[in-house]
Amino acid sequence: MDADVRVGVDPDGGLAVRPSRGSVQLVGIDGVESLQAGERLGALPEQPGVVDDATMQLLLQVSWPETAVREEKARLEGRTAPYAAVRVSGPDGERQTIRAGRDGEFTASVALTEGPNTISMTASDPTGVQATAEARIERDSRPPSAISVEVGW
């Protein structure tokens, strides 16, 4: 084998393999036998491997609310690399790590305080490649003002 390969395993057993030159033969990864330069393998124990395009930075797309929310928690959906770990930091110091699915999609629920809330996310694969996103979500749980209208008959 004549290749340059970056391999990483995270504490939860997530595996990423990224050949940057040459090709790599794989054994024991369901559905994947080899990788070429420019490809990335993402795998979890007991799950089939997923091959996608390797880039120097992971994709991290998040659907942030566009207006103020009334609820105590914001449901955030997004997309990143298959099986990537996504660390979410909320406004009250709450931190959680979620795992993207085989299709790279993930959902997180973040507690909000009244007023502006800064939420940050970092997606990473076991080789250390990562991407970050941050947004401010406004929580306004006050009911709308009542408007009185006189109607005459």
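For the structure itself, consult the block above.
All figures in this text were calculated on a predicted structure; none of them were measured in a lab. (Residues numbered from 1 in each chain as written. Predicted model: local features only at pLDDT ≥ 70, side-chain atom pairs only at ≥ 80, totals over all residues. Heavy atoms only, no water.)

Trainee: Before we go on, may I ask you to explain the overall build of the chain in this structure?
Mentor: Along the chain, the regular secondary structure elements total zero helices and 13 strands. Listing every helix and strand of the chain by position from the N terminus yields β-β-β-β-β-β-β-β-β-β-β-β-β. The C-alpha atoms of the chain give a radius of gyration of 21 Å, which is well past the 15 Å a tight globule of 153 residues would have. In terms of overall dimensions, the chain has C-alpha extents of about 90 × 35 × 25 Å along its principal axes. Expressed as a percentage of the 153 residues in the chain, the buried residues total 40%. A fraction of 48% describes how many contacts in the chain between residues 6 or more apart in sequence connect residues 24 or more apart. Within the structure as shown, the chain displays about 9,400 Å² of accessible surface, and the carbon and sulfur contribution to it stands at 46%. Computed over 15 positive and 24 negative side-chain charges, the inter-centroid distance for the chain is 3 Å. (Helix = DSSP H or I, 4+ residues; strand = E, 2+ residues; numbered from the N terminus. Rg over C-alpha atoms; globule rule 2.2 N^0.38 Å. Buried < 20%, exposed > 50% of the residue type's maximum accessible area, 1.4 Å probe, protein only. Contact = heavy atoms within 4.5 Å. Areas by Shrake-Rupley, 256 points an atom, 1.4 Å probe, with all protein chains shown as cover. Lys, Arg positive; Asp, Glu negative; His and termini not counted. Charge placed at Lys NZ, Arg CZ, Asp CG, Glu CD.)

Trainee: Looking at this structure, I do not really get the pattern of salt bridges. What am I missing?
Mentor: Where charged atoms of side chains with opposite charge meet at close range, the side chains can pair. Counting across every chain of the model gives 10 salt bridges. As a salt-bridge pair, R99 and D10 come within 2.9 Å of each other at their nearest N and O atoms. Taken together, the residues R99 in strand β10 (residues 95–99) and D10 in the loop between β1 (4–9) and β2 (15–21) connect sequence positions 89 residues apart. Relative accessible area serves as the criterion here: at 15%, D10 is assigned to the buried category. Here E138 makes a salt bridge to R136, at a shortest N to O gap of 3.6 Å. Judged by its relative accessible area of 29%, E138 is partly exposed. (Salt bridge = Lys/Arg side-chain N within 4 Å of Asp/Glu carboxyl O.)

Trainee: Would you take a moment to explain the sheet that holds strand β11 (residues 105–111) for this structure?
Mentor: The strands making up a sheet associate through backbone hydrogen bonding, with each pair oriented either parallel or antiparallel. Read across the sheet, three strands follow the order β7-β8-β11 without closing on themselves; strand pairing throughout is antiparallel. The open sheet has two free edges, formed respectively by β7 (61–63) and β11, since each of these has just one partner strand. Mean inter-strand twist for the sheet, computed between neighbouring axes without regard to direction, equals 30°. By the bridge criterion, seven bridges tie strand β8 (residues 73–79) to β11 in an arrangement that is antiparallel. Bridge pairing links R79 to E105 in β11. (Pairing = 2+ DSSP bridges. Axes fitted to C-alpha atoms, helices over the stretch in contact; angles between N-to-C directions.)

Trainee: It is not clear to me how the side chain of R40 should be interpreted in this structure. Could you clarify?
Mentor: Considering the arrangement of structural elements, one finds R40 in strand β5 (residues 39–43). Taking the relative accessible area as the measure of exposure, R40 reaches 1% and is therefore buried.

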